[in-house]
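In case you want the letters, here they are:
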Amino acid sequence: MNEIKIDETDLRLLDLMQTDASLSNQDVAHRTHVSPPTALRRIKRLRETGLIERQVALLQPERLAAVLGHGLTALVEITLERQSAEALDAFEGRATLDAAVQQCYRVSPGPDFVLVVHTPDMPSHLALTQRLFTSDANVRNVKAFFSVKRAKFDPRIAIG
């Protein structure tokens, strides 16, 4: 794998993109103190190197609930019976393909995975449970924590 080299300007661009990737190139350039062509070129390079994986929209759950209903968001801890690389990869592959799974993390110590799942209602959550957990003989323990309120969502990581 090629080594990726970034400097302070790249770090400023990454920080800004994590805060608001919808800004125009002009705004990005102005806020990071570079010229618009420089901002465009560097962001393109950051995408090509994979440092910027993709851009997504963050939905406001309360406004969306007014249209679609609240639904259920749960953080789910999964412990597998066997933790071989093949077993972990197999579960991860199945979990990440399911539309109800919004995020999937391998974690340590404790459970093997933590999932963030969203379903429209409890029958849908039950179907997810049966589809992903009950039907898998390698799933030893499942613990779900239902969200009653999202107090903060900040996709930024500490950079630099």
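Quick summary incoming for the structure in this document. Worth saying up front: this structure is predicted, and the values here are computed from it rather than measured. (Residues numbered from 1 in each chain as written. Predicted model: local features only at pLDDT ≥ 70, side-chain atom pairs only at ≥ 80, totals over all residues. Heavy atoms only, no water.)

### Description of the packing of helix α1 (residues 8-19) against helix α3 (residues 36-48)
- Close contact between α1 and α3 brings their axes to 10 Å; oriented N to C, the two are set at 80 degrees. Classified by the interaxial angle, the pair formed by α1 and α3 is roughly perpendicular. Contacts from Thr9, Asp10, Leu13, Leu14 and Met17 in α1 reach Ala39, Arg42, Ile43, Arg45, Leu46 and Arg47 in α3.
- Per-class residue counts for the contact of α1 with α3 are 6 nonpolar, 1 polar and 4 charged. (Axes fitted to C-alpha atoms, helices over the stretch in contact; angles between N-to-C directions. Helix = DSSP H or I, 4+ residues; strand = E, 2+ residues; numbered from the N terminus. Parallel < 35°, antiparallel > 145°, perpendicular 65-115°, else oblique. Contact = heavy atoms within 4.5 Å. Nonpolar A, V, L, I, M, F, W, Y, C, P; charged D, E, K, R; others polar.)

### Looking at the environment of serine 35
- Structurally, the position occupied by serine 35 is in the loop between α2 (25-32) and α3.
- Overall, serine 35 belongs to the partly exposed group, its relative accessible area being 33%.
- Each C-alpha atom of the pair serine 35 and asparagine 2 lies 27 Å from the other, and the pair is 33 residues apart in sequence.
- In this structure the side chain of serine 35 is engaged in a polar contact, spanning 2.8 Å, whose partner is the side chain of threonine 38. (Buried < 20%, exposed > 50% of the residue type's maximum accessible area, 1.4 Å probe, protein only. Polar contact = N/O pair within 3.5 Å; in protein donor to acceptor, adjacent residues only side chain to side chain.)

### A word on the side chain of arginine 42
- Tracing the backbone through its elements, the reader meets arginine 42 in helix α3.
- Here arginine 42 falls in the buried class, since its relative accessible area comes to 16%.
- In contact with arginine 42, other than residues within four places in its own chain, are Asp7, Thr9, Asp10 and Leu13.

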